[in-house]
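Coordinate analysis (summary)
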Amino acid sequence: MAPTEGDQPLVRIDGLRKSYGEHTVLDGITLDVNAGDVVALIGPSGAGKSTLLRCVNYLEIPDEGVIELEGVPTAAAPSAPTKSELLAVRRKTGMVFQGFHLFPHLSVLRNITLAQELVLGRSSEDAEQRALQLLDRVGLREKASARPTQCSGGQQQRIAIARALALDPVVMLFDEPTSALDPEVSVEVLRVMRELADLGTTMVVVTHEMGFARRVADRVAMLAGGSLVEQGDPATMFSDPQHEVTARFLNAVFDR
Amino acid sequence: MNQLDWGRVLEAIGAGIGYTVGLTVIAFLGGMILGFPVALMRVSRIRALRWIGTAYVEICRGVPVVAWMLLIFYGLADLIGTDPLIAATVALTVVATAYIAENYRAALLHVPLGQWEAAVSLGLTRRQLFWRVIAPQGVTIALAPSATYAIGLLKESAFAAVIGVSDIAFQARTLTQSGQPGLATFAVAGAVYLLLSLPIAAAARTIDRRMRTRSAM
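A quick note: this is a predicted structure, and the numbers were derived from the prediction, not measured. (Residues numbered from 1 in each chain as written. Chains lettered and ligands numbered in written order. Predicted model: local features only at pLDDT ≥ 70, side-chain atom pairs only at ≥ 80, totals over all residues. Heavy atoms only, no water.)

1. Focus: the overall build of chain A
When helices and strands are counted, chain A shows 9 helices and 10 strands. Taken over the C-alpha atoms alone, chain A extends approximately 55 × 45 × 40 Å along its principal axes. A buried classification covers 54% of the 256 residues belonging to chain A. For chain A, long-range pairs separated by at least 24 residues make up 64% of all intrachain contacts whose partners lie at least 6 apart in sequence. If the 25 positive side-chain charges of chain A are averaged to one point and the 34 negative ones to another, these points end up 5 Å apart. (Helix = DSSP H or I, 4+ residues; strand = E, 2+ residues; numbered from the N terminus. Buried < 20%, exposed > 50% of the residue type's maximum accessible area, 1.4 Å probe, protein only. Contact = heavy atoms within 4.5 Å. Lys, Arg positive; Asp, Glu negative; His and termini not counted. Charge placed at Lys NZ, Arg CZ, Asp CG, Glu CD.)

Written as structure tokens, this is what we have:
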């Protein structure tokens, strides 16, 4: 990851609002993510975690607020980003979905080389080399010529991570990456994510895996009802939550 | 009651098979090729193109194939001559294009939203997204219903007999007019249509099974 100047956060989200008609999903969210940090977004379903994450790469268009990457606003008017602003921000962010969304008509290798060639303009040799290197990293080099449908869910998600990493994004966004997987399969995906974190990858992770949040995240941000309730290092927040909603949520997920 | 002259009936109907199969194959391939641009018009963001595409599909599906054949045979004689085979081929292709265009359209709309989101998140432009991710999957998804439609096309091709193409139906009618028993002759003709449709049905099932593993559906 490229170092940012001084104390400037890599991702700065300020006053983000989003509603669908009457229903407010994000009610003025302000959150910084520093280079190399892993931030876990937790909270009950409907809290706005996924919407917040999807606003960072404009899969959802916010109504108000500012999103900066590396100190630069990603759109002059975030509620109406231009085509070139959208392409630029998506080039810089890597997204991993709950449902993997690999391209089923392409081989695993082609899934990872396609955007490198189309978006970054890499030669097919360079793209292939990078793809194989990433497949090695997620432990799936032998699947290079397979179809995604011939891979298990956990394998597909690791391939999806490699596909996103191939564009060398400055920040990786994970939207409940293990929620569609059985626990024993989730482990292999979480291991890959942990290795990324150890390599200094900046990551924002919407997750229900509190074990992962506790062991890997540098910071946990608790959302409820479209607001950021509190944030802090996982050990402190899990043992001593400052807010009633956080305490209730943690009690529920830890079944205590 | 006359006895069925098997030799004569099979020879005549056999001579018709080429016309029936040829008509069906050409109309099907034509529809597969021409249907795609019509489907693109149907899903276009440009209102005028959408309108043209919709008008084409509704008009071509709404008028019976036999009416198209008569219309083109008698109406466009100045333009395409008086060869019934050409008129029948054009008519069947026009209708096949409309039906297959709808298969493509439905298939394109059936590509899951996640495919769009993944492609968009990787920074693909709208054009790249459509041609590299959505269109290949849409064509694949449309193959199975289109193969099934080919069975319907095979049967509809029998209307070509009305304007004088010497296909299976035409041969059967001619045989009855020259004294062959009607029930038996048309039963043989029907059996031949059935036999021709079986491999198409088998192909449709195979395609359906294969393609399910190649799309996100």
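2. Section: a nonpolar patch on the surface
A cluster of nonpolar side chains, namely B:I46, B:L49, B:W51 and B:I52, defines an oily patch on the protein surface of about 430 Å² accessible area. Assignment of secondary structure puts B:L49 in helix α2 (residues 47–62). (Patch = residues over 30% accessible without salt bridge, like charges linked within 9 Å, V, L, I, M, F, W, Y side chains within 5 Å. Areas by Shrake-Rupley, 256 points an atom, 1.4 Å probe, with all protein chains shown as cover. Salt bridge = Lys/Arg side-chain N within 4 Å of Asp/Glu carboxyl O.)

3. Concerning the pattern of salt bridges
Residue and element names in this part refer to chain A. For the structure shown, the criterion picks out 16 salt bridges over all chains. For E70, the salt bridge identified is with K92, shortest N-O distance 3.0 Å. Taken together, the residues E70 in the loop between β4 (64–69) and β5 (72–73) and K92 in helix α2 (residues 83–92) connect sequence positions 22 residues apart. On the basis of relative accessible area, E70 is assigned to the partly exposed category, the value being 25%.

4. A few points about the sheet that holds β4(A)
Residues and elements named next belong to chain A. Read from one edge to the other, the open sheet built from 4 strands follows the order β2-β1-β4-β5, with strand pairing classed as antiparallel. The sheet is open, and its two edges are formed by β2 (23–33) and β5, each paired on a single side. As paired elements, strand β1 (residues 11–20) and β4 share 5 bridges and run antiparallel to each other. Counterpart to D14 in the pairing with β4 is V66. (Pairing = 2+ DSSP bridges.)

5. Overview of the interface of chain B and chain A
Between chain B and chain A, the contact holds 20 residues from the first and 23 residues from the second. Buried area between chain B and chain A, both sides added, is near 1,900 Å², and the carbon and sulfur share of it is 63%. Per-residue buried area on chain B facing chain A is highest for B:S121, B:L122 and B:R132; these three make up 32% of the total on that side. Two residues, A:R54 and B:E117, come together in a salt bridge whose shortest N-O distance is 2.6 Å. Remark: the boundary between chain B and chain A carries 5 residue pairs in polar contact (both at pLDDT 80 or more). Where the side of chain B that touches chain A is concerned, the elements lending two or more residues are α6 (113–121) and α7 (126–156) of chain B. For the side of chain B that touches chain A, the element with the most residues is α6(B), which contributes 7 residues. (Buried area = accessible area lost by both parts, 1.4 Å probe. Polar contact = N/O pair within 3.5 Å; in protein donor to acceptor, adjacent residues only side chain to side chain.)

6. A closer look at the packing of helix α3 (residues 65–75) of chain B against helix α5 (residues 84–110) of chain B
Residue and element names in this part refer to chain B. As a packed pair, α3 and α5 sit with axes 8 Å apart at the nearest point and diverge in direction by 135°. Classified by the angle between their axes, α3 and α5 sit oblique to one another. Handedness of the α3/α5 crossing: right-handed. Here α3 contributes V65, W68, M69, I72 and F73 to the contact with α5, which in turn contributes P84, A87, A88, V90, A91, L92 and V95. Taken together, the residues of the contact of α3 with α5 sort by class into 12 nonpolar, no polar and no charged. (Axes fitted to C-alpha atoms, helices over the stretch in contact; angles between N-to-C directions. Parallel < 35°, antiparallel > 145°, perpendicular 65-115°, else oblique. Left-handed = near helix turned anticlockwise from the far one by under 90°. Nonpolar A, V, L, I, M, F, W, Y, C, P; charged D, E, K, R; others polar.)

7. Quick word on the pairing of strand β3 (residues 38–42) of chain A
For a regular strand, side chains alternate in direction, first toward one face of the sheet and then toward the other. All names here are of chain A. Among the 5 residues in β3, 5 count as buried, and that is most of the element. The two faces of β3 match: V38, A40 and I42 on one face and V39 and L41 on the other face are all buried. Here 4 bridges tie β3 to strand β8 (residues 203–206), and the two strands are oriented parallel to one another. Among the inter-strand pairings, L41 is bridged to a residue of β8, identified as V206.

8. Thoughts on the packing of aromatic side chains
All names here are of chain B. Counted under the stated rule, the structure contains 6 aromatic pairs over all chains. Arranged with centres 6.2 Å apart and planes meeting at 55°, the rings of F36 and W131 form a pair that is tilted. A residue pair is termed long-range when its members are at least 10 positions apart, and F36 in helix α1 (residues 6–42) and W131 in helix α7 qualify at 95 residues. A network of ring pairs unites the aromatic residues F36, Y104, F130 and W131 as a single cluster. One Lys or Arg, R61, reaches over the ring of Y99 and ends 6.0 Å from the middle of that ring. (Phe/Tyr/Trp six-rings, centres within 6.5 Å; stacked < 30°, edge-to-face > 60°. Lys NZ or Arg CZ within 6 Å of the ring centre and 35° of its normal.)

9. Here we look at the sheet that holds strand β6 (residues 93–96) of chain A
Two pairing modes exist for strands in a sheet, parallel and antiparallel, and in both the strands are linked by backbone hydrogen bonds. Residue and element names in this part refer to chain A. In space, the 6 strands of this open sheet follow the order β6-β7-β8-β3-β9-β10, with mixed pairing throughout. Edge positions in the open sheet fall to β6 and β10 (227–232), since each of these has one partner strand only. Across the sheet, the axes of successive neighbouring strands diverge by a mean angle of 20°, strand direction being ignored. Both strand β7 (residues 171–175) and β8 contribute to a ladder of 4 bridges, which runs parallel. Bridge pairing in β8 links M172 to M203. In this fold helix α5 (residues 153–165) packs onto β6 and β7, with an angle of close to 170° to the strand it touches most, β6.

Function cannot be inferred from these measures alone, as they are strictly geometric.
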